[in-house]
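# Summary of the model geometry
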Number of protein chains: 2
Amino acid sequence: MNSNGEHGLFPGQNVELLMDSVPAIKIEETCAADSHYEEIDVVEDTNISVYHRYKHFDWLYCRLIEKFGSIIPIPLLPEKDIPWRYSDDFVQARMGGLQAWINRISRHPIISHSEIFQHFIRRRDEKDWKSGKRNAEKDEAVGGMIFSEIMPSSEFRLLNGEEPEKYLTFAKCMGESVRNLITVTEEHTTRCTGSLKSEYIKIGKAFSDISASFAKSTYLGKESIGNALAFVGKTYDDIGNVYFDQPKQDVHCLLEISKEYKGLLACFPDIINVLKGAIEKAHEYEKLAQVNKVTMKEKEAIVFKAGVVSSTIQAEINHFNRELTNDYKETIQHFLYEQVQMYSKITDKLREAYARFEF
Amino acid sequence: MNSNGEHGLFPGQNVELLMDSVPAIKIEETCAADSHYEEIDVVEDTNISVYHRYKHFDWLYCRLIEKFGSIIPIPLLPEKDIPWRYSDDFVQARMGGLQAWINRISRHPIISHSEIFQHFIRRRDEKDWKSGKRNAEKDEAVGGMIFSEIMPSSEFRLLNGEEPEKYLTFAKCMGESVRNLITVTEEHTTRCTGSLKSEYIKIGKAFSDISASFAKSTYLGKESIGNALAFVGKTYDDIGNVYFDQPKQDVHCLLEISKEYKGLLACFPDIINVLKGAIEKAHEYEKLAQVNKVTMKEKEAIVFKAGVVSSTIQAEINHFNRELTNDYKETIQHFLYEQVQMYSKITDKLREAYARFEF
């Protein structure tokens, strides 16, 4: 990690982590003949295919937490043990989860260039994997020591005490909003696939019943109304199924991204505590230096370190905010697009049913 | 009542009650200064305005039941005693109910030309009203005696035993279907004005909360996403209100007409019993005549009477079926039209929200 601009750190409002091109990583689930564990195929744009078991992902996750956890919110891995783990649905769901996880990791300008991650996506053989693994586990620049690896740009600045509070307030509010969105969308999913579906199917049945009753009439004009009503019945039955299928189209993505951010946002209080600790310590050393209880050199070293922490975490927060904004923009746009599709489909179905009454 | 074709009775499948032009009767609620009872203004197309209290409608209803109840299903009067009877809502609802009632009565070719009804809509003054009332109450051609007033056309025929069963089966099935439709649409109304409204308002609030959380961010790009999300929040809030207002637009009419038909269909078992009784008696007299236990003249009188009953009730059933078909055609068409309007409105709102994400 350095400050040559490739993924360096810059001070002030415009602090950002610059990203260079992100390798496209595609996860495919394969099943080894001799194992109950699934093998995972990581395909990078250089056409390297590497195979990893779930436990390798778990190893990577633990290393990332250990090394970067104090400055970067590391997304939670999708769970390993789900009761339906060997079903097709499980394979699909976990593959989707791992894909989202690796996408986020590989988009991060620091993690994606880190030795651990590069080792993970470029492992050549078992021997190579094991030696890289040993090296990573011996890395001493973990936890608070990560800052020793960071070379700040010349203009880095120490944040004042209010800024961490603002970050914290934002992370807490957004965390609460995201958790609320999860609850509301989960309830909506349950309603769409449960009571709403059955309600529309009941409405459909009520119309079909009226149609069937008309069939029992001795009235000559019964056929047209009977057919039209049967069509209305089928229409509401279809609408029930449209509601049932809808969450897969729209709510699902919103739910997945929100669950991801719920985890990421929960990391911030700890990260911001690191920042607050560094700033407080710098202010303390400034006071101590004024009364000559520490040397100027000692004070400057602490202030320098706090500046590095400030710039690093501010850069991380900017990166996070950009990701959050883009992810929600994209996901809600997709959600609304699918909602428009659904309501248009229902409108068209009802319009067709309406036309059946032109007799 | 006669068979000159104006509202005469014809035999066979095409038996029908011919309707001539129906006077437009408009009910308006007025409030007498000296009374807690509302006065009702019946406006006919000849520009006669007559005033009736609710008890006069009740009197007319009782007379109609007494005179025509054995051959014509008489719609129930809207209830008099509703807890909120003096509120504006009550006045509107009862006026609507009385309007529907008088419309149906005035569309009936026999009732609309009957002396009682003509007296009701053309009363001149209190003296005139009272004398007409006395005459009507002295009328002896009520109940089964109504048939003595009916002059069948020359081709009238005696129905066979199966036909009344078909009518009964139809009336029972349709009655059940209509009651089911009432239950389902009432449930749907409750859901639209209750849980669906609050669900969409909750979804709206969840998006507004995310928007408010973005406002707390220190990120420069927060404004566009914040505004777009606030708009989505407002959109779902609006959608909640669209659902809340919808039943007044669509379900209401379907519910009103279904409640009316629930009452009308419940009259048929008694009417069909009259028909079955007459047919059975005719068949019995035919057998008795074969063994000379009754004279040919006696038998012919009974068969003639059963033929009159058959033709009259078949004509009534045809009239009823035509009304039922037209009413449901019109009401469901209206219902679907309003449903299309609602879903289009929601689609447009969501499309507008989607466009806010083009930043």
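Conventions used here
- All residue numbers refer to position in the chain's written sequence, counted from 1.
- Naming scheme: in the order in which they are written, chains are lettered from A and ligands are numbered from 1.
- Totals for whole chains, interfaces and linings use every residue, but because this is a predicted model, local features are given only for residues with pLDDT of at least 70 and side-chain atom pairs only at 80 or more, for both listing and counting.
- To obtain the side-chain values, all non-hydrogen atoms of the structure were used and water was disregarded.
- UniProt positions are given in the numbering used here, feature names are shortened, and annotations may be inferred rather than shown by experiment.
- By the criteria applied, helices consist of DSSP H or I runs no shorter than four residues and strands consist of E runs no shorter than two, each listed in order from the N terminus.
- Burial classification: accessible surface area is computed with a 1.4 Å probe over protein chains only, and a residue below 20% of its type maximum counts as buried, one above 50% as exposed, and the rest as partly exposed.
- The contact rule is simple, with two residues in contact once any of their heavy atoms fall within 4.5 Å.
- Here, Shrake-Rupley sampling with a 1.4 Å probe gives the accessible areas, and only protein chains in the shown set may cover a residue.
- Using a 1.4 Å probe, buried area is obtained as the accessible area two parts lose upon being combined, added over both of them.
- Salt bridge, as used here: a side-chain nitrogen of Lys or Arg that lies within 4 Å of a carboxyl oxygen of Asp or Glu.
- Polar contact is the term for a pair of N or O atoms within 3.5 Å; when the atoms are in protein, one must be able to donate a hydrogen and the other to accept it, and sequence-neighboring residues count only if both atoms are side-chain atoms.
- The copies were overlaid by least squares, fitting only the C-alpha atoms of residues that reach a pLDDT of 70 or more in each copy.
- Here, the term nonpolar core denotes a set of buried Ala, Val, Leu, Ile, Met, Phe, Trp, Tyr and Cys residues that are joined through side-chain atoms within 4.5 Å.
- Between 30 and 60 degrees the pair is tilted, below 30 it is stacked and above 60 it is edge-to-face, where a pair is any two Phe, Tyr or Trp rings, Trp via its six-membered ring, whose centres lie within 6.5 Å.
- Look at NZ for Lys and CZ for Arg. If either is within 6 Å of the ring centre and within 35 degrees of the ring normal, a charge sits over the ring.
- Angular values range over 0 to 180 degrees, each being the angle between N-to-C directions of two axes fitted as lines to C-alpha atoms, with helices fitted over their stretch in contact.
- An angle below 35 degrees is read as roughly parallel, one above 145 as roughly antiparallel, one from 65 to 115 as roughly perpendicular, and any other as oblique.
- A clockwise turn of the near helix away from the far one marks a right-handed crossing, whereas an anticlockwise turn of less than a right angle marks a left-handed crossing.
- As a working rule, the residues Ala, Val, Leu, Ile, Met, Phe, Trp, Tyr, Cys and Pro are called nonpolar, Asp, Glu, Lys and Arg charged, and the rest polar, with Gly in that last group.
- The pLDDT value tells you how sure the predictor is about a given residue, anywhere from 0 up to 100.
- Take the number of residues in a helix, subtract one, and multiply by 1.5 Å to get its expected span.
- By definition, no residue in a patch forms a salt bridge, and every one has over 30% relative accessible area; like charges are joined within 9 Å, nonpolar side chains (Val, Leu, Ile, Met, Phe, Trp, Tyr) within 5 Å.
- In this tally, Asp and Glu contribute negative charge and Lys and Arg positive charge; neither His nor the terminal groups of the chain are included.
- Charge positions are represented by NZ for Lys, CZ for Arg, CG for Asp and CD for Glu.

Chain A has the name PX domain-containing protein in an unreviewed UniProt entry, where Chiloscyllium punctatum is given as its organism. Quoted verbatim from the Sequence similarities (unreviewed entry) heading of the UniProt record, the comment on chain A is "Belongs to the sorting nexin family."

## Focus: the overall build of chain A
When you go through chain A residue by residue, the secondary structure sums to 9 helices and 3 strands. Order of helices (α) and strands (β) in chain A, N terminus to C terminus: β-β-β-α-α-α-α-α-α-α-α-α. Expressed as a percentage of its 359 residues, the buried residues of chain A come to 51%. Once local pairs closer than 6 in sequence are excluded, the contacts in chain A between residues at least 24 apart make up 73%. When the accessible surface of chain A is totalled, it reaches about 17000 Å², and 51% of it is carbon and sulfur.

## Focus on the environment of A:Gly132
By the secondary structure assignment, A:Gly132 is in helix α4 (residues 126-138). Separated by 13 residues in the primary sequence, A:Gly132 and A:His119 have C-alpha atoms spaced 6.5 Å apart.

## Overview of the interface of chain B and chain A
Listed per partner, the contact involves 65 residues of chain B and 65 residues of chain A. Across the chain B to chain A interface the summed buried area is about 6300 Å²; carbon plus sulfur atoms make up 67%. Among the residues of chain B in contact with chain A, B:Thr218, B:Tyr219 and B:Tyr343 are the three that bury the most area, contributing 10% of the side total. The tally of links from chain B across to chain A stands at 4 salt bridges. With its nearest N and O atoms 1.8 Å apart, the salt bridge here joins A:Glu199 to B:Arg191. In this structure, the connection of chain B to chain A is made through 29 residue pairs in polar contact (both at pLDDT 80 or more). Those elements that place two or more of their residues in the side of chain B that touches chain A are α5 (162-215), α6 (222-249) and α9 (296-355) of chain B. Here the side of chain B that touches chain A takes 26 residues from α5(B), the largest share from any one element.

## Concerning the side chain of A:His119
All names here are of chain A. Assignment of secondary structure puts His119 in helix α3 (residues 115-122). Within the local environment of His119, its side chain forms a polar contact with the backbone nitrogen of Lys133, the two atoms lying 3.5 Å apart. When neighbours within four sequence positions are excluded, His119 is seen to be in contact with Trp59, Asp128, Trp129, Gly132 and Lys133.

## Considerations on the relation of the copies chain B and chain A
Overlaying chain B with chain A gives an RMSD of 0.1 Å, the required rotation being 180° about an axis along which the chain moves by 0.0 Å. Expressed as a symmetry operation, the mapping of one chain copy onto the other fits a two-fold axis. When C-alpha positions in chain B are compared against the rotation axis, the closest is assigned to B:Tyr343, at 3.0 Å. Looking at chain B, 100% of its interface residues are interface residues in chain A too, so the copies touch through the same face.

## Observations regarding the nonpolar core
With 185 residues, the main nonpolar core has A:Tyr243 and B:Tyr243 as its most contacted residues. Top element by residues in this core is helix α9 (residues 296-355) of chain A. It accounts for 19 residues. Residues within four places of A:Tyr243 in sequence aside, it is in contact with A:Cys192, A:Leu196, A:Tyr200, A:Met342, A:Tyr343, A:Ile346, B:Tyr243 and B:Tyr343.

## Some points on the pattern of salt bridges
All names here are of chain A. All chains considered together, the criterion is met by 34 salt bridges over all chains. When the shortest N-O distance is used, the salt bridge between Arg107 and Asp327 registers 3.9 Å. Of this pair, Arg107 sits in helix α2 (residues 88-107) while Asp327 sits in helix α9, and the two are 220 residues apart along the sequence. For Lys205, the salt bridge goes to Asp209, with nearest N and O atoms at 3.1 Å. Placement of both Lys205 and Asp209 in helix α5 (residues 162-215) is noted, with a separation of 4 residues, approximately one turn of the helix. Overlapping salt bridges, with partners in common, bring together Arg104, Arg107, Glu260, Glu323 and Asp327 in one network.

## Side note on the environment of A:Phe68
Mapped onto the fold, A:Phe68 is located in helix α1 (residues 54-68). Counting along the chain gives 78 residues from A:Phe68 to A:Ile146, while the straight-line C-alpha distance between them is 7.0 Å.

## A few points about the packing of aromatic side chains
Residues and elements named next belong to chain A. Scanning all chains against the criterion turns up 31 aromatic pairs over all chains. Both rings, one in Phe357 and one in Phe359, keep their centres 6.2 Å apart while their planes meet at 35°; by these two values the pair is tilted. Here Phe359 falls in the partly exposed class, since its relative accessible area comes to 38%. Grouping aromatic residues by their ring pairs yields a cluster made of Phe57, Trp59, Tyr61, Trp101, Phe120 and Trp129. The ring of Phe231 carries Arg356 above its face, with NZ or CZ at 3.8 Å from the centroid.

## Focus: the packing of α9(A) against α9(B)
Two numbers describe how α9(A) lies on α9(B): the axes approach to 9 Å, and their chain directions differ by 160°. Between α9(A) and α9(B), the interaxial angle falls into the category roughly antiparallel. Note that α9(A) runs across α9(B); the crossing there is left-handed. Classifying every residue of the contact of α9(A) with α9(B) gives 16 nonpolar, 8 polar and 2 charged.

## Some details on the environment of A:Ile105
Residues and elements named next belong to chain A. Relative to the helices and strands, Ile105 resides in helix α2. Along the backbone, Ile105 and Ile74 are 31 residues apart, and their C-alpha atoms lie at a distance of 7.9 Å. Beyond its immediate sequence surroundings of up to four residues, Ile105 is in contact with Leu64, Pro75, Ile111, Ser112 and Phe117.

## Remarks on the confidence of the model for chain A
All names here are of chain A. Summary statistics for chain A give a mean pLDDT of 85 and a share of 84% for residues scoring 70 or more. Looking over chain A, one finds the lowest element-wise mean pLDDT in strand β2 (residues 38-43), namely 56, and the highest in helix α6 (residues 222-249), namely 97. Contacts from residues 1-21, a stretch scored under 50 in pLDDT, to residues over four places away or in other chains number 62 contacts. A low-confidence stretch, residues 32-38 stays under pLDDT 50, and its non-local contacts, those more than four residues away or across chains, total 14 contacts.

## Let's talk about unusual backbone geometry
For A:Asn292, which is not glycine, the phi torsion reads 60° and is therefore positive. Tracing the backbone through its elements, the reader meets A:Asn292 in the loop between α8 (268-290) and α9.

## Some thoughts on helix α8 (residues 268-290) of chain B
All names here are of chain B. Taking 1.5 Å per residue, 23 residues should reach 33 Å; α8 reaches 33 Å between its end C-alpha atoms and fits that length. Of the residues making up α8, those classed as buried are Phe268, Ile271, Ile272, Leu275, Ala278, Ile279, Ala282, Tyr285 and Ala289. Of the surrounding secondary structure, the elements contacted by the buried residues of α8 are α5, α7 (251-266) and α9. Immediately beyond the C-terminal end of α8, within one or two residues, lies Asn292, with a positive phi of roughly 55°.

## What to know about a positive patch on the surface
Residues and elements named next belong to chain A. On the surface, a cluster of positive charge is contributed by Lys55, Lys130, Arg134 and Lys138. When residues in the positive patch are grouped by element, the largest group, 3 residues, is from α4. Among the secondary structure elements, Lys138 is positioned in helix α4.

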